[in-house]
Every structure is written in structure tokens, then in C-alpha cells.
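# Observations on chain architecture
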Amino acid sequence: MKETFLISIFLLIFSICFGQKADSNQKEIKQKIDTYINEVIEINEIPGVALAVIKDGKVIYEKYYGTASFEDNKQVDKNTAFKIFSTTKLITNVGIFQLIEKGKLSLEDPISKYLDNLPKEWQGIKVANLLSHSSGLPDIVMFEDIPITLPYDKKIAILSTKPMEFATGEQYSYNQTNYFFLAKIIEKITGLPFEEYILKNQFPGVKSGVYFSSDFGKSFPNSAFRYNYDSKTKKYVKNTLNSGSDGHSANGLNITLPEFIRWNENLDKNTFLKKETKYSMWEPFKYTKSDENFGYGWDFYPVNKILSYGFTGGNETAFRKFVKNDMTIIFLSNGHKYDNLYVQSQVINHVAGIVDKILIDDYLLADEKTTQDFLKLDIAKSEQNYLALKKNHPEWNFEYRLNVVGYTLMNYGRINDAIKVFELNTKENPKSGNAFDSLAEGYFNNGQLEISKQTYQKVLALSPENANAKEMLTKIDKLLVK
């Protein structure tokens, strides 16, 4: 009896201590995420952010930062509906696989089974090709003679006169036409408007916080406007782009963070799809002439050699599932100062490592830190930090990162700093024609025509087929004559 009593006391003390340690760990994780997100917001001057982390079926982090609307002086909160841009495609993917699971559609179905008046060259394209961006179709958003105001039939008539990008199935090429057609296929099968089908089958009973609109300038209750940074005025300007209702399947969903969390819960609990159907979305598509790693509408992101699945939108939102780690991270924002830095992906990767140490990826963290250093520190100190990093990890390649940082600095008025970064990149990658091409462009934009000419000549020595270098040399020669 005494031994049983002592064991019970021991287990009680152990349980209390374990619980306290778990609470302490959770508090530390939240503090680390807070500190990190605030730093990201400051460096990138992001107006508003909503972030959630779901681990082992529980929301362990949900927080709101900053401004949803400068005009109305509204702060981001749980009722703020963010435009999620191309992250919308994940919801469209689930809608397609719901039809597949019900036997109403197959990945192997030719799109001509559901869509009329297609050119002969398009008729063999399969549903799988649309989802994997391997269709080779001309991209509908790339043509000025196909305005959003045109009716569907007229859009297709004009689009059908455009050349295919490549033979179907050969490679990956991100393309909005694919999702334009996926929406039409859904409508043909179900007899419902795309928006009604999605809301009925993935957001049943939701009264607010979820709606479709690709008109970024239109105001909705509790909506977060999209803002673009004007580098000349150094102010944010409200984006008024309108992609029309045909863009809803590709970029039209507006959603609050709590509703996105609920959507993820239904995906995790196999409410939308059976487990085997869900996992089939994450099977890699086999391209005939490319090693691209992409699924059926879902991109693959390796973090410390562990694959995660998701998508990003507008360089401002991201949804990512770390299936093996039973974790999902949702990042929503409504603007950022710098273009093409893919801050949303950096945030997901960084937060994943904070929550689960197995997902700490030293290379990705170093890649992110390199970006942040060049944006916020003196250029000499930034270069010093970079060289110290490379000394410790000479095997790591940052050619892409330095190139992106250089262009970012150049586009935001720091031309001399940009040139120094481009010069650093050519020293690091002396056989890269692309690195020298960027450096030559920096010199050109700074009015240094002679050295720009010499650098473009270096580009051609490394990459004889570089058409841009040839065009720029002709242009520079004309300017030098004047």
C-alpha cells in the first residue's frame, strides 16, 4: 500500500514537472516567433500579417500584426480577410480531387471531354497536365489583346491563335490558363458556378470571412487591401488590379486566418478527401524532359531534406504542410517593400525550424540572413558577414540570392551598393554568364558605359548565345557614338 502511494506521488510530481516544462517550451517558441516576425515586418516594411502554426492537430500559434487598411486605419485581427492570390490554387486543387474521388473526373481525362471549341493541338491535353503546369498552353494573362472584359468564347478564340509554349508533358511552366480551364471543367461537371461549388464543398455554413473577388480595388467588409510600395515616393499605394471572375480559381479567394485554419483542420481530418486521395495530390508528376519536382497543383519544398507541400501567392501569402512532422504553417500578408525576395517562403522555413528543431535548415537560414544583412546593414559589414559565412561553408552556393539582392538594391535606389553585390557575385561565380550580365546591367544603369560594354563582352565569352548581351552591346555602341 505504501509503495503504491509513493508511486502515485512520484507520477503526480513527474506529470506536474513535465507539464510545466511543456508550457515553458511553448512560451519560448511563441516568444521566438514573435521576435522573428517583428524583425521580418520591420526589415520588409510589411503593412499587415497574420500567422498560424498548427502542430499535432492543435493551433499552437495564432497572431495578428499591423495594418489591414491605411485608408480606414484598420488593424489586422481575426476578422481580417486577406487576398491569398495564387495560394487559392490549393483550394481549387482540392475541389478537383473531390470530383475525382466521386468518379466524376479523372486525371487522365482529356480536357476536350469537358471543353468545347478547342484547337486540335489542345484536345489531347489531360487534366493532369493542367494541375502540373505541363500543358504547354499559351498563358492567357500574357496577352494584351485578351482583356478580362471579353466573354469566355471570345477569349478562347483569341487564345487559340497563340502558339503553344512546348509539347504537352515535357516540362513545368507556371501558367494561369491551366486554372482558367480547371474552373470551367468544374462548372461543366457540377452545373454550378465555380465559386458556389467551392463554397458549398469546402466552406459549408460559413457566413463571413470567405469570399471570391479578383478585383483588388474593391472594398469588402473587414478586407485587407493589397499594397504596392512606390520606391519613388517611398509610400504604399493601394493595388487596384482586376483579374475578373475568370481569375477566381487562380487568385480570387479572400479568407480570414481562422477560416483558413478550419479549412486545414478539415483537410487533416480527411473531411474533404479520403487520406489516399489527399496523398495522391502530393505524388510527383513525371515530366518527359524535365526533372522538376512538382505534384498535382502542390509545390514541393525541401527543408533540411524533409519535403513539405504547399503553394505561395502574390509573393505575400503561403500555406505549407510538413506532413511527416504533423505541422502546417499559414502566412498571410498584404504587401512588402521589396519584390522577388520570396519573404513568405523564408518565413515558413524559419518558423518551421523554431517549432521543430528537426526542420532547422542551416543553408536556408544563411540564405535568409544574407538577404536581411544586405538590406539593413552597411554594405561593407554585409559583405564581411557574407565572406565569413562562405569561409565556414565554402560548399554553399548563393549565386541566385546575391543576384536577387543586387536587383532589389538597384530597384530601390541603392545603385552603388547593388554594383558591389553584383561584383561580389562575379568573384564568387567567375564562370557565370548570368552573374556578369547582372553586373553589366548595373554599370549601364549607373551610366558607366565603357565598363558595362567590357562586362557584356565578358558575358558573351562565357555565354555566346546570350541575346540580351548582344542587344545591349549594340545599344551601348550607339550611345557611345553620340
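A few points on the structure.

Reading guide: rules and limits
- Residues numbered from 1 in each chain as written.
- Predicted model: local features only at pLDDT ≥ 70, side-chain atom pairs only at ≥ 80, totals over all residues.
- Heavy atoms only, no water.
- Core = buried A, V, L, I, M, F, W, Y, C linked by side-chain atoms within 4.5 Å.
- Buried < 20%, exposed > 50% of the residue type's maximum accessible area, 1.4 Å probe, protein only.
- Contact = heavy atoms within 4.5 Å.
- 1 Å grid on protein atoms, 1.4 Å probe; cavity = no way out; pocket = protein on both sides within 12 Å on 5 of 7 lines; lining within 4 Å.
- Points joined across faces, edges and corners; volume = space filled by probe spheres on them.
- Helix = DSSP H or I, 4+ residues; strand = E, 2+ residues; numbered from the N terminus.
- Nonpolar A, V, L, I, M, F, W, Y, C, P; charged D, E, K, R; others polar.
- Pairing = 2+ DSSP bridges.
- Axes fitted to C-alpha atoms, helices over the stretch in contact; angles between N-to-C directions.
- Parallel < 35°, antiparallel > 145°, perpendicular 65-115°, else oblique.
- Phe/Tyr/Trp six-rings, centres within 6.5 Å; stacked < 30°, edge-to-face > 60°.
- Lys NZ or Arg CZ within 6 Å of the ring centre and 35° of its normal.
- Arc of directions from axis to C-beta.

### Here's the deal with the nonpolar core
General note: in soluble globular proteins, nonpolar side chains tend to be found buried as a group. Among the nonpolar cores identified, the biggest contains 68 residues, and I91, W122, L131, F181, F260 and W263 are the most heavily contacted of them. Leaving out residues up to four positions away in the same chain, F181 has contacts with I111, L115, L118, W122, L130, L137, Y152 and I156. Counting residues in each nonpolar core, the second largest holds 57 residues, with A318, I329, V351 and V421 among its members.

### Side note on empty space enclosed by the protein
For the coordinates displayed, the defined rule picks out one cavity of 30 Å³ or more. Taken as a whole, the largest cavity holds about 60 Å³ of empty space. If you trace the largest cavity, you find it lined by Y36, V40, I43, N44, L341, V343, Q346, E368, T371, Q372 and L375. Of all the secondary structure elements, the ones that give two or more residues to the lining of the largest cavity are α1 (2-44), α10 (343-355) and α11 (362-376). In terms of residue class, the lining of the largest cavity is made up of six nonpolar, four polar and one charged.

### Observations concerning the layout of surface pockets
Space inside the largest pocket adds up to approximately 1400 Å³. In terms of lining, the largest pocket is formed by 47 residues, of which the most central are S86, Y174, T312, N315 and Y342. Secondary structure elements with two or more residues in the lining of the largest pocket: α5 (176-190), α7 (248-251), β9 (299-303), β10 (306-313), α10, α11 and α13 (399-411). A total of five residues in the lining of the largest pocket trace back to one element, the largest contributor, which is β9. Partitioning the lining of the largest pocket into residue classes produces 22 nonpolar, 16 polar and nine charged.

### Re the pairing of β10
The buried fraction of β10 amounts to seven of the eight residues, a majority that puts the element mostly inside the structure. Pairing analysis gives five bridges linking β9 to β10, with the strands arranged antiparallel. Bridge pairing in β10 links Y301 to S308. Linking two consecutive strands that pair antiparallel, namely β9 and β10, is a turn of two residues; a positive phi of about 50° is found at N304 within it. Relative to strand β11 (residues 317-322), β10 is paired through five bridges, and the arrangement is antiparallel.

### Quick word on the packing of helix α2 (residues 88-101) against helix α6 (residues 194-202)
Viewed as axis vectors pointing N to C, α2 and α6 meet at an angle of 80°, and their least axial separation amounts to 10 Å. In terms of axis orientation, α2 runs roughly perpendicular to α6. Between α2 and α6, the contacting residues are I91, T92, V94, G95, Q98 and L99 on the first element and F194, Y197, I198, N201 and Q202 on the second. Among the residues making up the contact of α2 with α6, the classes are represented as six nonpolar, five polar and no charged.

### Comments concerning the packing of aromatic side chains
Taken as a whole and assessed by the stated rule, the structure comprises 31 aromatic pairs. Here the aromatic rings of F260 and F319 are separated by 5.2 Å at their centres, their planes lie at 20°, and the arrangement is stacked. Of this pair, F260 sits in helix α8 (residues 257-268) while F319 sits in strand β11; the two residues are 59 residues apart in sequence, bridging distant segments of the chain. A single burial state applies to F260 and to F319, both of which are buried. Aromatic pair W298 and F319: ring centres 6.3 Å apart, planes at 65°, arrangement edge-to-face. Of the two residues, W298 sits in the loop between α9 (275-280) and β9 while F319 sits in strand β11, which places them 21 residues apart along the sequence. No difference in accessibility class separates W298 from F319, as the two residues are buried. By way of ring pairs, the aromatic residues F260, W263, F272, Y279, W282, W298, F300, Y309 and F319 are connected into one cluster. A cation sits over an aromatic face here: R226 above F85, 4.3 Å from the ring centre. Stacked on the ring of Y301, the Lys or Arg R320 has its end atom at 4.1 Å from the ring centre.

### A few points about α6
Those residues of α6 not exposed but buried are F194, E195, Y197, I198 and Q202. Buried positions in α6, seen along its axis, are confined to an arc of 165° and lie on one side of it.

### Quick look at the sheet that holds strand β3 (residues 74-75)
The strand order β3-β2-β1-β12-β11-β10-β9 describes an open sheet built from seven strands, whose pairing is antiparallel. Every interior strand has two partners, whereas the edge strands, β3 and β9, have only one. Where strand β2 (residues 58-69) and β3 come together, two bridges link them in antiparallel fashion. What sits directly across from T67, in β3, is Q75.

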